[in-house]
Amino acid sequence: MNNWGYADHNGPNVWHELFPLANGERQSPIDIITTAAIHDPSLPPFNVDYDPSSAKVIMNSGHTFSIEFDDGEDKSVVRGGPLHGSYRLRQLHFHWGPCDDYGAEHKVDGRDYPGELHIVHWNSEKYSSFVDAAQKPDGLAVLGIFLKIGEHNVNLEKITNALDDINFKGKQSSFTNFDPSCLLPVCKDFWTYPGSLTVPPLLESVMWIVLKDPIAVSSRQLSRFRRVFSTTETDETESCYMAKNYRPVQPLKGRNVRASFL
Ligand SMILES: NCCOCCOCCNC(=O)c1ccc(S(N)(=O)=O)cc1
Ligand SMILES: [Zn+2]
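The rules behind these values
Residues numbered from 1 in each chain as written. Chains lettered and ligands numbered in written order. Predicted model: local features only at pLDDT ≥ 70, side-chain atom pairs only at ≥ 80, totals over all residues. Heavy atoms only, no water. Near = heavy atom within 4 Å. Polar contact = N/O pair within 3.5 Å; in protein donor to acceptor, adjacent residues only side chain to side chain. Areas by Shrake-Rupley, 256 points an atom, 1.4 Å probe, with all protein chains shown as cover. Helix = DSSP H or I, 4+ residues; strand = E, 2+ residues; numbered from the N terminus. UniProt positions renumbered as here; feature names shortened; annotations may be inferred. Donors = N, O, S within 2.8 Å, 3.2 Å for Na, K, Ca; no water. Tetrahedral: all angles 85-135°; square planar, octahedral: opposite > 155°, others 65-115°. Buried < 20%, exposed > 50% of the residue type's maximum accessible area, 1.4 Å probe, protein only. Salt bridge = Lys/Arg side-chain N within 4 Å of Asp/Glu carboxyl O.

Peer 1: Whenever I open this one, the site of ligand 1 confuses me. Can you help?
Peer 2: Taken together, 16 residues sit near ligand 1, with His93, His95, Phe130, Leu197 and Thr198 positioned nearest. His93 places a side-chain nitrogen or oxygen 3.2 Å from a nitrogen atom of ligand 1. Within the contact set of ligand 1, an oxygen atom lies 3.3 Å away from a side-chain nitrogen or oxygen of His118. Notes on ligand 1: free accessible area 540 Å², of which the protein chains cover 72%. Secondary-structure elements contributing two or more residues to the shell around ligand 1 are β7 (87–96) and β9 (115–123).

Peer 1: Whenever I open this one, the UniProt feature "domain: Alpha-carbonic anhydrase" (unreviewed entry) in the protein chain confuses me. Can you help?
Peer 2: Under the present numbering, the feature "domain: Alpha-carbonic anhydrase" (unreviewed entry) in UniProt falls on residues 2–261. Structurally, residues 2–261 is divided into 8% helix and 28% strand, and its ends, taken at the C-alpha atoms, are 42 Å apart.

Peer 1: What should I look at first to understand the coordination of the zinc ion (ligand 2) in this one?
Peer 2: Geometrically, a metal with four donors at the corners of a regular tetrahedron has ideal angles of 109.5 degrees, and one with six donors at the corners of a regular octahedron has ideal angles of 90 or 180 degrees. Ligation of the zinc ion (ligand 2) by protein atoms is provided by His93 (NE2), His95 (NE2) and His118 (ND1), these donors lying 2.0 Å from the ion. Coordination at the zinc ion (ligand 2) is tetrahedral, judged from the four donor atoms that bind it and the angles of 100 to 115° they form at the metal. Here the donor residues of the zinc ion (ligand 2) are spaced in sequence according to H-x1-H-x22-H. Taken together, the residues His95 in strand β7 and His118 in strand β9 connect sequence positions 23 residues apart. Across the pair, exposure class does not vary: His95 and His118 are buried alike.

Peer 1: What exactly am I supposed to notice about the pattern of salt bridges here?
Peer 2: Working definition: two side chains of opposite charge can pair if their charged atoms are close together. Under the defined criterion, the tally for this structure stands at eleven salt bridges. Between Arg88 and Asp74 there is a salt bridge, with its nearest N and O atoms 2.5 Å apart. Of the two residues, Arg88 sits in strand β7 while Asp74 sits in the loop between β5 (65–69) and β6 (77–80), which places them 14 residues apart along the sequence. Here Asp189 ties to Lys212 by a salt bridge, and the two come within 3.1 Å at their closest N and O atoms. One end of the pair, Asp189, is in the loop between β11 (172–174) and β12 (190–195); the other, Lys212, is in the loop between β13 (206–211) and β14 (215–217), and 23 residues separate them in sequence.

Peer 1: It is not clear to me how the environment of Ala141 should be interpreted in this structure. Could you clarify?
Peer 2: Relative to the helices and strands, Ala141 resides in strand β10 (residues 140–149). Accessibility expressed as a relative area gives 1% for Ala141, which makes it buried. On a C-alpha basis, the gap between Ala141 and Val120 in space is 6.2 Å, while along the polypeptide they are 21 residues apart.

Structure, rendered in structure tokens:
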């Protein structure tokens, strides 16, 4: 099953066959039980400092679409919160479902959001590259932002307008002058816990920072995500829409979730 995906034959329920970490001790996503989260008053706020010139390309991996940033220098970083030192911005991508009722990866008290934005960073103070950092327990930091259905999101427009250029797996297109902080909610309250990549290789190297408040996107904008193809332009098998790309929640296995807020 080298071509893992989200279908019955290659989806999250069989990932463990090729990626044994799927049954590991610190897997993501999780269901955040708010009453069990520990308020940690010593947790400082997290701070993002993004340079819009870091944005380079938007690409379709076949599993999601992502905006890739120049991570050759500390131009766009996140600091603070649960993090020690600064983590360099690498990429952002989304997860969604086949309809507006579910599709996010993390849950809150068992409740589903229709989508989730992940902004991925790596510990450039301790490690020399993303791939190196991705193998380390404190190597990565991912900001998780829930999407809810509401008003049209003008900041998301630049991204959805670019999807026509990357409609098929393997396509990429120039994408510049973009500061992802425009996709963060006003309130920066968060939960944080030690977890993993939510897709293979499922590496247990992520300090998760999940924001409490969602951002609003319109149903129409989210429906555009579902019209991206998970197959290449020339795929002999019939074309297949990227209808869903979320992993179900995983066992907490004794981990503590901390809250930055009361
Ligand atoms: N292939 C070499 C070793 O692996 C390097 C790490 O994986 C590379 C590609 N994956 C990612 O960059 C990657 C990054 C973030 C997330 S997620 N959904 O957990 O935010 C999932 C995947
Ligand atoms: Zn993700």
